[in-house]
Every structure is written in C-alpha cells, then in structure tokens.
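Residues per chain, in single letters:
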Amino acid sequence: MDKHKILHLTHKMAKYVCFFVSGIIVTTFLICVAIKCLRLIKANSEKSSKQASEMLVHEYELISKYLFEGACSELKQFSRNRTLLSLKTKQEKQKWFVDHIADRPDFFHNIIYSDLNGDAIAANNVEFNIADRTYFKQIVYEGRKDAIGGPVDSRATGEKVVVVAQGMYNLDGTLNGVVCATVKLSTLVGLTEKLQIKNEGRFFIIGDEGKFVCHYDENYLGKDYQPNNSKYADFGSVFFSRVRRGVFNTISSEGREISVYLEPIERTDWTCGITVDKQNLLHTYTQLRHGVVSVIFVTIILILFLTGISAIFVNRTNLWESYFDPLTNLWTRPKFEKEAQLMLEKFNGSRFAVMEIDFRGFKFINQSFGNKDADKVLTICADTLLARCKRTGAICGRGYADHFYAMGKIETVMDFMTDLEDAVNEMENELAVLDLPVYPKYGITFVLPEKQFYNDQKTIRDLIGEASYAKGTIKENLLLRYAVFSRAMEEAIEREQRIERHMEKALDRGEFYVMYQPKIGLHDDRIKGAEALVRWNSSNPKLGNLSPGDFVPVFERNGFIVKLDFEVYEMVFKFLRAQIDAGNPVVPISVNMSRNHSNPDRFVKEFVRRFSKYDIPPELIEIEILERAATEGDSYNLIRVTEKLHQHGFTVAMDDFGSGQSSLNMLNEVPIDVLKFDQNFLRRDESKQSHQKMITTLIDLGKQLNKRTLFEGVETVEQRDMLKNLDCDQVQGYFYSKPLFEKDFVDFVKGHI
Ligand code: C2E
Ligand code: CA
Ligand code: CA
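We now turn to the structure provided with this report. (Residues numbered from 1 in each chain as written. Chains lettered and ligands numbered in written order. Predicted model: local features only at pLDDT ≥ 70, side-chain atom pairs only at ≥ 80, totals over all residues. Heavy atoms only, no water.)

1. Regarding the coordination of the calcium ion (ligand 3)
The protein atoms that coordinate the calcium ion (ligand 3) are Asp655 (OD), Asp656 (OD), Glu712 (OE) and Glu712 (OE), at distances spanning 1.9 to 2.8 Å. Each donor residue of the calcium ion (ligand 3) lies on one chain, and together they are spaced D-D-x55-E. Separating the calcium ion (ligand 3) from the calcium ion (ligand 2) is a distance of 3.8 Å, and Asp655 supplies a donor atom to each of them. Linking Asp656 in strand β23 (residues 651-657) with Glu712 in strand β25 (residues 708-712), this pair joins segments that are 56 residues apart in sequence. (Donors = N, O, S within 2.8 Å, 3.2 Å for Na, K, Ca; no water. Helix = DSSP H or I, 4+ residues; strand = E, 2+ residues; numbered from the N terminus.)

Below, the structure is given as structure tokens:
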C-alpha cells in the first residue's frame, strides 16, 4: 500500500474514531445526568416515604394509647364502685362481680379482683394468684394507677389475653386491691383491624418480652419474631421491645426487606410499629427508573443512528474530495487515471496524447510570493486547461502540488503538436496577468497503434510515467517548454533501472575507481592539486564504462551515493598513502561530498574515522561541498560541516559556485577556503564584454573575501589567458589535462611539481 493510501485510511479512521468518541461522550454525559436525576428522585422518595411512615406510626401510637385509656376508663366503673369497695371479703367481692359481669363492655373477656397479696378471684369464679404479674407489681409496688400487661395465658380461662389493670383505692386513698380486665388477643386484633389507616404500612403492637399483642399475621399473636437471616438476626421483636423507638431495616417472615418504624405507646411498656415493604416503597422509583432507562436507551440508539448518518455523510464528502480537487475543481489524479484508463480501453486502437504539466521552481513561488499567489497560478492553469479540454474532448486532472494531467484522442502527431504550440501560448497569456515568474513545463507521450514504440499495451500509469520522465529532461533550460517521450528516454529509463540493479554488486566487486584531474596554478603553471573523480567500469556489457553523469544522479535519487562517496574517499586516502610510502611527490587531492549527507556531525565523524587509519597530513585533503537552496537550515548545515572539517585541518571548497540559487549572504556566512566557479561561466559567449566583466567581478569577490579562486572547465588558451590576466589563482580543465588514471596522474605530478 502506498504512503498516500495509508495516510488517507488513517485520516478516515481518525474521523470515524472522532465520531465514535463524541457519540460515547454524549451518551456518557446523558447517562450521568440520568443517574443523578434518579438518585435525587430516589433520595426524595425515600425521604418523603420516611416522613409519611413516621407520621403513620405516630398516629397508630395515639390510637393505641386511646384504646388503652378507653379500656382504663371502662374499668373505672368497677374500681371506683363504692359498694364493691365496702365489701369485706374476697368472696363478697367475687359475688358482686358475678352479679355485675353483664355491665362490662363487650371487649372485656373477664373481670378479676385481686387483694394486695395477689390472691385473685375472677368473675367466672376461678381463684388464682397474680402477685408475679408485672402489671400487678407496677400498681402495688411502683404506685402506678393503671397498667397494661400481656400477652399472657389467662389463669382464669387459659386463653391468650392482655390485661388492663387499675388500682382500687379506699376512701382514705390507700390501696385496697387491683381490678383487672382481660381482653382476648383476637378481640384486640379485631379492634385494631378497624384502625387500619389508608391501607399503608402493616400495624403491630409488641407487648411484654417482645411478644406481639397485635400483629397483621395472626400466627405471631402472643409470640415473638426472630428473623431467619444472619444479617438481620438482631432485629427481632425482642430487640424492638427494648429500643422502642426508631427506624430499623430487617427482613420479614416472608423474606422481604422491610423497614420497621417504632414508637413507644405512652403510659405503657408496649411499643407500636408499622412495617413498610421496601419493594413497595421503591415502586414509584422503579417505575420512574424504567421510564428514564427507556428514554436513555432511545437516546443512545438515536445518537448512534445520527453518528452513523454523519459518518456516511462525511464519507460522502470524502468521496467527493477523492474525485474532485477542492482548489481547482478538476478531477483528482486517481479519478483522472480511472477515466483515462476507461477511455483507453473504450477507444482501443485510436491515437492518444498524454501530458503532464508542472511549473519551474513552484516551491520558490510559494515561498517568495505566498500561498495565495501560488494558488492563483494553479486555478488559472486549471481553468485554461479545462476550457481547452472541453473544446477538444480531452480530459484533465490535478495531482500532487503543481502537477496537472491531460489526455485526449488525436488525429495525427503533427496536428497535436500544432495544437500544443497554441495551447502553450494560451496558457502563457492567461498566466501573464499575474505578473509572476511562472514557467510551465510540458511532458508528452503518445499512444500510436501504427508505431512499434508507441504501440505497446501501456496503462495510464505507464503513460503518465513516460510524460513525467520527458518533462524531467527539460531541467532548467528556459528555452525548452515541452519534451516528448522518445525511445532514447525509454532506453535511459531501462539504463537507470539496470544501474540500480547492479550498483551494490559493483561496489563489492571493486568496479568503481578514481581518476585524478590536476589543478594548475596560473602564475607558475605548476600543479597545485587534483580533483578525485569517480568512474564505474561495469562488468555488465550493457553498462560498460560509465562516467558519473550516468550514475551519480541515479545514486543521488536512491541514496546509494552516500555509500559510494566514502568508498571513493577511502580509495583516495589509500592512493595518497601509497604515494607517500613510495617517496613520490604528492599534491592535495579534493574529493566530492554529495548533497545527500544530511547530518554534518555524522558525516565528519565517519570521514575522520576512515581518514585517521592512513596517517596522512590533513592539508592533503580538500572537500568540495555543493551550494544548496539558500534556506536557513541548509546554510546552517554548510557552516557546521565546514567548521567541523576545519577543526580537523581539512580545506573546504565551494563546488560549482554560481550554478544554483546561491546567495551572496551565504558566501559570507560559510567559512569556505576555495571558490570553484561553475563551468557554465566559461561556456557563455566569451567575446561579450559583459561576460568578461562578470568573471572579473567573481574573481574580485573571491579575493575580497580572502578565498582561493579556481575556474573549472578551462579548455582553450584564450580562457586560460583571460583568467591569468584577471589574477585567478588556479584552473582545472581539459586545456591542462583531462582526468587521469592513477599511473598517468603520478607521472603528471612528477612532471609539473
Ligand atoms: P564536478 O565535481 O563539477 O566535476 C568536474 C567535472 O567537470 C568532471 O566531470 C570533469 O571531468 C569535468 N571537467 C573537467 N574539466 C573539464 C573541461 O575542460 N571541459 C568539460 N566539458 N568538462 C570538464 P565528471 O568526472 O564527469 O564528473 C561529473 C560530476 O559527477 C562531478 O562534477 C561531480 O558532481 C560528480 N562526481 C564525480 N565524482 C564524484 C564523486 O566521487 N562523488 C560525488 N559525490 N560526485 C562525483
Ligand atoms: Ca567537484
Ligand atoms: Ca565542479
């Protein structure tokens, strides 16, 4: 997968992840809000339910108290009866009870009289002793006027009863005895059942020793309740009868979680209470929760649905962007390729022309004039191209940066070329309005069924590759505006591929070697040094003997030049070492450093590591560096590499000075020792005065800056004489010598030292 596709996919993935994450964030937020609401509702409902229950239990307590007080006042007609009081013996009193039993209220089961010893006699004529009963003790010993007790098994009837007791007082206020009335538990339950308030909470009364005198479950009447659960084991009726007040969580006999609200019944030792089923309590809350959960669920589904829709929509936009370039509205390169391929297949057997266009130094336009102007260049180019394509039935698109593509059916190559001339002029005119230094370059290739070379079944990619290669051959020549892909170019491509296939093996087999071209001092015509120039004598017959022009550009593109440079340095060091050892005269040798060495520290470290193995004086080595685009970072790199090389005693020369986009500023900043002027200065029309003036200025500049001046490519005696007159220090060129094999160079040195 290519880098672009990976980038695109990553981009797409990132968008989906963004959607997904924002969906999750919104959902989480909603859930949090809902949980908060539910908690509030729950707390509120719990609070209000608690308040209601406390009120309820209080009402029950009041009612129970009134019940007790009612029973007491009924009992008063007996305890305060003067006749009864005046009777002397127990038997007389008992007779009186029997006579008056019918006067008792319905709910009194039995009436009992007891003397102060607890010897009691009941209306049903049974005699027993109640001295051990709590209510008896409370009246006789604790001085209470009335008391309530139970549940107990009646000693008179054997039934489960509660007892209401009241003191009977003589006229002088002394206690005469105790009058009691029993109420059957079943009667009591019947009474309290009528009291059920609003059907809420289940009512009970706990009597002595935690036994229920009243309970909504008959089975518990007269008994106590012990929860059958270890967690709530302590929270039974015995415990409640002791604490008497408060709210406690426990478990019911049916195993349901309940809250028990207790309140002591005034003027008694009894406790009344209600149980509230927690499940019931939370019923409203649960219903509410169901509602909220449903709303959240629906919202989440909605969010997911919307997220999906948005993702699809974004994808659609992506789809649009993958077809149409947002800046120019032309097709993108993939879309162009697709359409062009379809066209090739549909009109198979027709003639086609395929074209790639870009601009010289577009990066420079971007940097110097800004993105806005650069964008204008692109939109004007796109509009002009599209208009022409529409007229001719061709198709076009835009690729990366300033790259445009077009393809159309053609009648003849001749017709096309005439048309092209017109198109190129039209484009130039349209762009002229911008008043910017924009120069489009066109690379063209053909599909011609009748011609062998243009006939091969090629895909649109192959064809764009050919057009692009043709365009690449235009280089910096301003006069050339377009180039057509040729057989020679195809061979060059094949050759490049062959070079790449063989380079590694060639290095292992020692197929690279070095030639030396002398540098001559102009004031004495003696040799002052030499430049090491690499050659490749390939064992592959199709490659043969290659000069750097054939392979260095390829190695610069694929990075192999870095490896080769160090091999060359090592060959030079070895040569110098051998010459010194042989006692031959030696001159400084300069070596080339390619642009690919991006890290100055690493380069110098490796250079010195290899150099130091040979024990050669560093003055014998000069490094030729190339000027680069005068951006800050690069000039910094040049400064750093030069300074580091100086630290080790090497000389540094600026190679091909004046060929690139050098700035004079950089010359001032980078502390190089030698200025090697570009050969092209000598290739221009030498007869022109302005040309001579320029060379004069260049040499003067070098002298002013205290640099050694050297001209390359000196081929004629006139050139040599002119430079000599201008006081140029050294020259290198065919006039004195071509690059020489090692052996010949050694002889040359001997003859010119
Ligand atoms: P350069 O560094 O500018 O080397 C000078 C080139 O000019 C050499 O070409 C040399 O043979 C040629 N030359 C010298 N005098 C004359 C002359 O009077 N007339 C003409 N027409 N040409 C002359 P060569 O050896 O073909 O090298 C071409 C380029 O390849 C070099 O240009 C340099 O950039 C590169 N190169 C050569 N050897 C190496 C190397 O070991 N490492 C690196 N990185 N590049 C190298
Ligand atoms: Ca050089
Ligand atoms: Ca040079």
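2. Remarks on the pattern of salt bridges
Applying the stated criterion across every chain, the model contains 47 salt bridges. For the salt bridge of Arg267 with Asp146, the shortest nitrogen-to-oxygen distance reads 2.7 Å. Here the residue Arg267 occupies a position in the loop between β10 (257-264) and β11 (271-277), and Asp146 occupies one in strand β4 (residues 146-153), the gap between them amounting to 121 residues. The shortest N-O distance in the salt bridge between Arg557 and Glu496 comes to 2.9 Å. Of this pair, Arg557 sits in helix α14 (residues 548-558) while Glu496 sits in helix α13 (residues 487-508), placing them 61 residues apart in sequence. A relative accessible area of 22% means that Glu496 is categorised as partly exposed. Several salt bridges converge on common partners, so that one network encompasses Lys519, Glu531, Glu622, Glu624, Lys676, Arg708 and Glu712. (Salt bridge = Lys/Arg side-chain N within 4 Å of Asp/Glu carboxyl O. Buried < 20%, exposed > 50% of the residue type's maximum accessible area, 1.4 Å probe, protein only.)

3. Looking at the coordination of the calcium ion (ligand 2)
Angles between donor atoms at a metal ideally measure 109.5 degrees for a four-coordinate tetrahedral arrangement and either 90 or 180 degrees for a six-coordinate octahedral one. Distances from the calcium ion (ligand 2) to its protein donors, Glu531 (OE), Asn592 (OD1), Glu624 (OE) and Asp655 (OD), fall within 2.1 to 2.3 Å. Sequence positions of the donors to the calcium ion (ligand 2) reduce to the motif E-x60-N-x31-E-x30-D.

4. Side note on helix α21 (residues 717-725)
One turn of the α-helix equals 3.6 residues, which is why residues spaced by three or four share an orientation. For α21, every residue scored as buried is listed here: Gln719, Arg720, Met722 and Leu723. All buried residues of α21 fall inside an arc of 165° around its axis, so they share one side. The exposed set on the far side of α21, more than 90 degrees from its buried face, consists of Glu718 and Asn725. Where α21 is buried, its residues touch α19 (680-683), α20 (689-704), β25 and β26 (730-732). Count one or two residues on from α21 and you reach Asp727, which has phi positive near 70°. (Arc of directions from axis to C-beta. Contact = heavy atoms within 4.5 Å.)

5. Looking at the site of ligand 1
Taken together, 22 residues sit near ligand 1, with Gln517, Asp565, Gln679, Glu715 and Tyr734 positioned nearest. Taking Asp656, its side chain carries an N or O atom lying 3.3 Å from an oxygen atom of ligand 1. Interatomic distance of 3.4 Å between a side-chain N/O atom of Arg683 and a nitrogen atom of ligand 1. Here ligand 1 loses 82% of its free accessible area of 790 Å² to cover by the protein chains. Among the elements of the structure, β19 (527-537), α15 (560-582) and β23 are those that each provide at least two residues to the shell around ligand 1. When residues in the shell around ligand 1 are grouped by element, the largest group, 4 residues, is from β19. (Near = heavy atom within 4 Å. Polar contact = N/O pair within 3.5 Å; in protein donor to acceptor, adjacent residues only side chain to side chain. Areas by Shrake-Rupley, 256 points an atom, 1.4 Å probe, with all protein chains shown as cover.)

6. Structural notes on the packing of α13 against α15
Geometry of a packed helix pair, given as the angle between the helix axes and the separation of the axes. Running from N to C, α13 and α15 cross one another at 20°; their axes reach a closest spacing of 12 Å. Comparing their axes, α15 and α13 come out roughly parallel. Between α13 and α15 lies a crossing of left-handed hand. Across the interface between the two elements, Met503, Glu504 and Leu507 from α13 touch Phe560, Lys563, Leu564 and Glu567 from α15. Of the residues that constitute the contact of α13 with α15, the class distribution is 4 nonpolar, no polar and 3 charged. (Axes fitted to C-alpha atoms, helices over the stretch in contact; angles between N-to-C directions. Parallel < 35°, antiparallel > 145°, perpendicular 65-115°, else oblique. Left-handed = near helix turned anticlockwise from the far one by under 90°. Nonpolar A, V, L, I, M, F, W, Y, C, P; charged D, E, K, R; others polar.)

7. Comments concerning the side chain of Thr445
Here Thr445 lies in strand β16 (residues 440-447). There is a polar contact of 2.7 Å between the side chain of Thr445 and the side chain of Glu466. Apart from residues lying up to four places away in sequence, Thr445 is in contact with Phe352, Ala353, Val354, Tyr454, Leu463, Glu466, Ala467 and Phe485.

8. What about α15?
The first and last C-alpha atoms of α15 sit 33 Å apart over 23 residues, in line with the 33 Å expected at 1.5 Å per residue. Following α15 by one or two positions, Gly583 has its phi on the positive side, about 75°. (Expected span 1.5 Å × (residues − 1).)

9. A few points about the packing of helix α9 (residues 333-346) against helix α12 (residues 460-472)
In contact at an axis separation of 9 Å, α9 and α12 are set at 110° when each is read in the N-to-C sense. Taken together, α9 and α12 sit at an angle that is classed as roughly perpendicular. Contacts between α9 and α12 pair Arg333, Phe336, Glu337, Ala340, Gln341 and Leu344 from the former with Ile460, Arg461, Leu463 and Ile464 from the latter.

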